[in-house]
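Here is how the chains run, residue by residue.
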Amino acid sequence: MNIIVCLKQILDPLIPVRDFRIDPELRAAVQGSASLVTNIFCENALETALQLRERAGGKITVLAFGAPSAEDSLRKALAMKADDAVLVVNDGNVHPDPMAVARVLAAAIRKIGAFDLVMLGRESGDWGAGQTGGLLAEELGVASVSFVDAIEVADGESHLKLHLKRQTDTGWERVAAPTPLVVTVTNDEHNVPRIPKTRDVMMSYRQPLAKWTLDELGIDAAAVRAGGDYYRVVDLSIPVRETKCELVSGDSLEDKVSDLAARILQVTRAM
Amino acid sequence: MSDVVVFLFSSSGPDRATEGALGAARNLADSLGGRVHAVLVGASNEALMRASAAVADAVLIADDPALAEYQPEACLAALVQISRMISPRAILLGNDAYSQELAPRLAHRLGGSATGDAVELAVDDGRIRARRPVYGGKAVAVIELLQSPAVVWLRARAFAPAEARDPSGATVTRLAVDVASAGGPRIIERAVEDAGESRLEDARVIVSGGRGLGGPEPFRDLGEVASLIGGQLAASRAACDAGWAPPSWQVGQTGKKVAPGLYLAVAIHGASQHLAGISDAKVIAAINIDPDAPIFKHCSFGIVEDYRKVIPLLRTQLAAQKK
Amino acid sequence: MDHSEATREVLWNIGNVWLMYLMFAVSAGVAAYGLYIRIARWRRGREAVRFDRPAERLRLLLRHAAAQGRTVRERQAAIFHTFIYTGFIILTIATTVVLIEHDFGIPVMRGAFYLYFQSFIVDVFGALVLVGVLIAAVRRLFVKPKKLVYTDEALWILTAIFAIAVTGFLIEGWRIAATRDPWGSWSPLGYMVAQISSSVMSEGAMRTAHLIGWWTHAALVFGFIAWAPYTKMAHVVFGPLNIYTASLEPIGAALRPIDFEKAEVLGVKALSGFTWKDLADFDACTECGRCTSVCPANTVGKTLSPRDLILDLRALLHRAPIKRNANGADGGASEDVFDLPIVGVVESASPESLWACTTCAACVEACPVFIEQMPKIVDLRRYLVMEEADFPDTMQEAVTSLESRGHPFRGATASRVDWADGLNVKTINEARDAEVLLWVGCGGALIERNQKVVRATAQLLEKAGVRFAILGREEKCTGDPARRIGNEFLFEMLAKENAERLNNYGVKKIVTSCPHCFNTFRNEYPQFGGSYEVYHHSEYLARLVDEGRIRPVTADERSITFHDPCYLGRHNGVFDAPRKLVQIASRRGVVEMEQSRATSFCCGGGGGMSFIEEPKDKRVNQERARQILATGADLVAVGCPFCLTMLEDGVNARRGERDVRVMDVAEILWQSMNSENTEQTKDYGTNGKKPGD
């Protein structure tokens, strides 16, 4: 089983609200003192891939398209025992649109070679577009399944050789799928990313890591730097938050609770 | 080319989500000066059809047996065929898992642009813009879709329902689609989990009790409040430690991290370890007798009162105001 | 009678004396071999430098071996051990005197010396040995304290000593009676035996009894000497040796760095990972059980027992050959015990036990022979964490958070500078000329309750006119939790990163309200290129009080007790500064708890334990809360963010019994600065009373 896991490095989603700042010009978050981390759903995807490899054998290549710092995410993946790592260096626009990303990933995947499975996180913790998986499947011309949390290799000779478990709004579904396939992965108690052994962390810094430029992939770097032609962020703002607690008003307890109930229903109705 | 298609999966609804999606379609079509085509995909659903007809200009029913149960590739092929038939300016979907799965692929096949989790739609100089939360809710972005059609899945409950019209004004048509050749992955088993057992992490509304409850019995009353607002019960570590609530209810640094739309904290002091578990909650409300409790520094609204007095009144009020 | 004539005949009534020399030679040989195999096994351990600084080591030896410094801390043991220990010394000197007189032919056993020392004192101390053995036996057979290990060996040792002492007195008595020794009455017990014997035995019978008794006594003594090194009596030799080679650093400096370039195994997987000193520790153990009896985890019913860990590792060590098992004789089938993974083989080194240690080092402090239990636990943790990635989930979360965001509190909602809202606190970037860096710490910055402590500290510093600054958002965890949990790799990265940043800013002096940061800076950063003058805020504030730069104007009326943070007190010996602050800010001074200062009881939060959910009925903080309530104090003063959190939880869980508040010493001091100032007291003042009211 040849597995390619796409990883995205993002701004730490757990950054305290008060530390979160945006650059209105760039229409993107400012890193400031916050750290960069691997998107959690991408790590869930890697963990699911590692578990699949334990049962079915094969090879895992981790692939990232991002700033040079995304090497850290790939090194960590190597420490978790991915086999190979490829970084496509994004030296331009901080946040190309999902179609631009999908095209870059597709080109890189074609360069990596034949694959059975491409795995991605269901969405990223920064922009959360949730589109890269679907668009990548279309770019590669293969089918895709979303919200997967476990993958088994089916017995028998059927061409539907993968059995995927995926989450739905009301429960779960089991999907029989052929390869090659693109899946997006969501979190589950069974795919919590493993903690790498320190020994493997140390080794990961000595492992080779391929770095490709957009030019090498035959992609119009200028278009990617411009952000792509799929969509454009025209505004980014931090919503003004009600940081102070409003105590419900009313002369009597009855009035106060009535106000409380009204506010509660106002919130639940807006969902 | 200025029409709006809204795809509704007929397995569910009509409910608040389908109403919101229809309302959004209506508004958008009015801004574009186009028509609303409501496309019902899957087994026939009379009620949904009537609700759609009250809002849309055209109701299209795609109840081909191959679409009766959702299969990703067949459904995608059907949506592509229908979209090409109508060639709309915008295509709207709900925020169910299937819509989220289909939206980007549909956009790709139609040469359009997609975005999702939209809470507001606007037309600016002919271009469709969607407002959506990003960075885990810390910021809001406005996305302008550069290619046509615009494919948007909506946080449907965020949109107001449209004013209902006389349903007889809408045309109702059955659509034939050809999805026989669609291969690929097949769903071979479906399981619906007991709603009561659904994950606290996914709950939209949570009513949580703390040490101040003083015992296990009050959780029954909290349960009644929760069921009135479609919520699930949770508890602080102190309450779980005391054995008043099962460990699976525990929210906090060493318990579950939840992200509901509303978190109602009852008699919870608000230790930072507890707050760490609810930092992703959209709205936090508190009922606590202690005005200095840290929870009041983190909630949007609250009441400083003994919960024993508040809860029975709240139950009556919620029941009354819901009507 | 002329005292100068006094002496006795050595070896009276004994023939075939060569046999005695033969017995001695055999006994000495067997004993030497016993010592040799133990030492030979130690030599398989890794390097450790423990023979440097001889003057300091000699002082330690005098205080804790010769003067029994730690042994006498416990009353029962103080009595019986002192009796037996001093008796042994006196009797050994007496035997040496006989040796000098008889074998070297130097007449020393004469006159007043013979009467006062060789007869009277020796008799008295011999009697004390008997009394000591009897007390020990009563304790072991009837009192049965939980901390002891009940082995047959221990009973046989007592029996042997008892028999040696009794036979000694019998043969002395028979000799006195049979020879009508004119100086006999100088040996009171021997004389008593002589009096009784002569009234019931003939002279001939006494001679025969003496002869048989003498050889029995000799056989017992030589047998005991031969056997002792194979038993816990080896502590007679290894105890003092262990004290001489003890660590001369504060306990806070006990953990060793790892050379990641060279280390074949990270942490200790098997005995082969320990240093020779670690292995020597096992052999020095006297099985007294004090370590386990003071262990907070053990006290609240967890499986961790430092005593059992040491004894089980000793048993494992004794199964190991003294040289590496060459693959050959049996085709390499039998694995060298030295390479056996300890976790999984040794029962007391179960993960459950290892992950219960708060690294409070009460065990280390309690050990009379200076065994270092806690660092061994961390060594074993290191292996689990770094080689197996096998440790509790919630600790993993803390470590992951440390890696990715430089603090262990995943989901913290505060930023690093929120606590300073409304205060005029500058970052070091803005105030390069600051004389002091206030190190806020993750607990102080990110845990809401502790923000008030840092606030109070900063306000006090400001009031005293100290030019201080903070690192602000550039601050990162010192790495203490990573190091105690066992992730030395992460600790080293954080330490180097922090040291580099501090050095770049030219920081010389650091004040921190977190004893964990304090300890790490003071004892551990020098190994990673960071040497600073480091103060716990209580030390620094106490100095400002001394200099008159801070003047409390009101006194707290409440009864206050003080909880010693392990990493401030036991690990670094700072006991008085925080007490002084309480003293000066309160009317009544400090009420001490049943365990305080060096023998204080942990809050339960050290060693990464604050990131673990303890079982409801086995919580260290609740046991400490019990001790707090027992003092009757209204307020417990602390000096550590972890203690503050743990003890607030602890006393809250016992709220039904009595309301006790928890406050940092800086908060108490700040509150006493100004009767108008209510900011600190609003939330925590009790009885509706403001200071100064």
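As a reminder, the structure under discussion sits directly above these lines.
These numbers come from a predicted model, not from an experiment.

A. Structural context of a nonpolar patch on the surface. Residue and element names in this part refer to chain C. A surface patch of nonpolar side chains, about 1,000 Å² in accessible area, is lined by Trp18, Leu19, Leu22, Val26, Val30, Tyr33, Tyr36, Trp156, Trp227 and Tyr230. Broken down by element, the residue count for the nonpolar patch peaks at 7 residues, all from helix α1 (residues 17-42). By the secondary structure assignment, Tyr36 is in helix α1. Taking the relative accessible area as the measure of exposure, Tyr36 reaches 42% and is therefore partly exposed.

B. Up close: the interface of chain A and chain C. Taken together, the contact pairs 18 residues of chain A with 28 residues of chain C. The junction of chain A with chain C conceals about 1,800 Å² of combined surface from both sides, 50% of it contributed by carbon and sulfur atoms. Run the count over chain A and chain C and you get 3 salt bridges. The shortest N-O distance in the salt bridge between C:Arg405 and A:Asp12 comes to 2.5 Å. For the interface between chain A and chain C, the tally reads 7 residue pairs in polar contact (both at pLDDT 80 or more). No other element matches the 4 residues that helix α5 (residues 198-204) of chain A contributes to the side of chain A that touches chain C. Grouping the amino acids of the side of chain A that touches chain C by side-chain chemistry returns 8 nonpolar, 3 polar and 7 charged.

C. Layout of the interface of chain B and chain A. If you look at the interface, chain B gives 74 residues, while chain A gives 80 residues. Summed over the three residues of chain B that lose the most area to chain A, namely B:Tyr135, B:Lys138 and B:Phe301, the buried surface amounts to 14% of that side. Here chain B and chain A share 6 salt bridges between them. Between A:Glu138 and B:Arg105 there is a salt bridge whose closest N-O contact spans 2.8 Å. Across the contact surface, chain B and chain A share 35 residue pairs in polar contact (both at pLDDT 80 or more). Take the side of chain B that touches chain A: its biggest share by element is 9 residues, from helix α4 (residues 97-110) of chain B. Across the side of chain B that touches chain A, the residue classes tally to 37 nonpolar, 14 polar and 23 charged. Two elements, strand β15 (residues 246-247) of chain A and strand β16 (residues 301-304) of chain B, share 2 bridges in a ladder whose sense is parallel.

D. Broad picture of the packing of aromatic side chains. Evaluation of the coordinates by the stated rule reveals 26 aromatic pairs over all chains. Ring geometry for C:Phe260 and C:Phe489: centres 5.2 Å apart, planes at 75 degrees, overall edge-to-face. Of this pair, C:Phe260 sits in the loop between α8 (235-244) and α9 (276-284) while C:Phe489 sits in helix α20 (residues 488-504), and the two are 229 residues apart along the sequence. An identical accessibility class is assigned to C:Phe260 and C:Phe489; each is buried. Three or more aromatic residues link up through ring pairs in this structure, and these residues are C:Trp439, C:Phe491, C:Phe521, C:Tyr525, C:Phe528 and C:Tyr532. In this structure, A:Lys111 is placed above the aromatic ring of A:Trp212, and the distance from its NZ or CZ to the ring centre is 4.6 Å.

Procedures and definitions
- Residues numbered from 1 in each chain as written.
- Chains lettered and ligands numbered in written order.
- Predicted model: local features only at pLDDT ≥ 70, side-chain atom pairs only at ≥ 80, totals over all residues.
- Heavy atoms only, no water.
- Patch = residues over 30% accessible without salt bridge, like charges linked within 9 Å, V, L, I, M, F, W, Y side chains within 5 Å.
- Areas by Shrake-Rupley, 256 points an atom, 1.4 Å probe, with all protein chains shown as cover.
- Salt bridge = Lys/Arg side-chain N within 4 Å of Asp/Glu carboxyl O.
- Helix = DSSP H or I, 4+ residues; strand = E, 2+ residues; numbered from the N terminus.
- Buried < 20%, exposed > 50% of the residue type's maximum accessible area, 1.4 Å probe, protein only.
- Contact = heavy atoms within 4.5 Å.
- Buried area = accessible area lost by both parts, 1.4 Å probe.
- Polar contact = N/O pair within 3.5 Å; in protein donor to acceptor, adjacent residues only side chain to side chain.
- Nonpolar A, V, L, I, M, F, W, Y, C, P; charged D, E, K, R; others polar.
- Pairing = 2+ DSSP bridges.
- Phe/Tyr/Trp six-rings, centres within 6.5 Å; stacked < 30°, edge-to-face > 60°.
- Lys NZ or Arg CZ within 6 Å of the ring centre and 35° of its normal.

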